[in-house]
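Residue-level listing of the chains:
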Amino acid sequence: MALLPILYYPDPRLHTVAKPVQAVDARIKKLVADMLETMYDANGIGLAATQVDVHERLVVIDISEDRDQPLVLVNPEITWASPEKKLNEEGCLSVPGIYDGVERSTSIKVTALDGEGRSRTIEAEGTLAICIQHEMDHLLGKVFVEYLSPLKRNRIKTKMLKARRETERA
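Residues numbered from 1 in each chain as written. Predicted model: local features only at pLDDT ≥ 70, side-chain atom pairs only at ≥ 80, totals over all residues. Heavy atoms only, no water.

1. Quick word on the environment of Glu-116
- Locating Glu-116 in the fold gives a position in the loop between β6 (107-113) and β7 (119-125).
- Given the relative accessible area of 48%, Glu-116 is considered partly exposed.
- Distance in space between the C-alpha atoms of Glu-116 and Ala-42 is 25 Å, their sequence separation being 74 residues.
- Once residues within four sequence positions are removed from consideration, Glu-116 is found in contact with Val-24 and Lys-29.
- One polar contact links Glu-116 to Lys-29, side chain to side chain, over a distance of 3.2 Å. (Helix = DSSP H or I, 4+ residues; strand = E, 2+ residues; numbered from the N terminus. Buried < 20%, exposed > 50% of the residue type's maximum accessible area, 1.4 Å probe, protein only. Contact = heavy atoms within 4.5 Å. Polar contact = N/O pair within 3.5 Å; in protein donor to acceptor, adjacent residues only side chain to side chain.)

Following this line, the structure appears as structure tokens:
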């Protein structure tokens, strides 16, 4: 396993639309393991392949308190979303230190392959539903800050670019 570099907003590669995974093979299984290690190391609860510059439809999630219940979604598709929506504060490993409100469906149904290539359907609500929707946005090339006003988005972009310059100078 290896830690993967995470792309930071406003990196244009975060806006790449992911292509379907062709097969859950050894390469994908290694990518899953590396993504889980990267997510846990960064104290995240979800990570999309897009965030590590791999533009395939793959997401890893673990919202468990003990960080021992990884969920792998290969080629996920939301088949149903509740009309009821709720505003929740979200953060993102690609936009560290920034949290803001995003409105999402309170419950969803998702079909996907698991880490072994088996088909599954998941009914999710609460934090899991929010996390799945957030990570699936990454697969469509969308970062959560795009739900915010242009003013907020520009402030965040400026802050992230300044932080990157300071890191590069150090």
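2. With respect to the side chain of Asp-137
- Position of Asp-137 relative to the elements: it lies in helix α2 (residues 126-139).
- Asp-137 gets classed as buried once you look at its relative accessible area, which sits at 10%.
- If we skip the residues at most four places from it in the chain, Asp-137 touches Arg-104, Lys-142 and Tyr-147.

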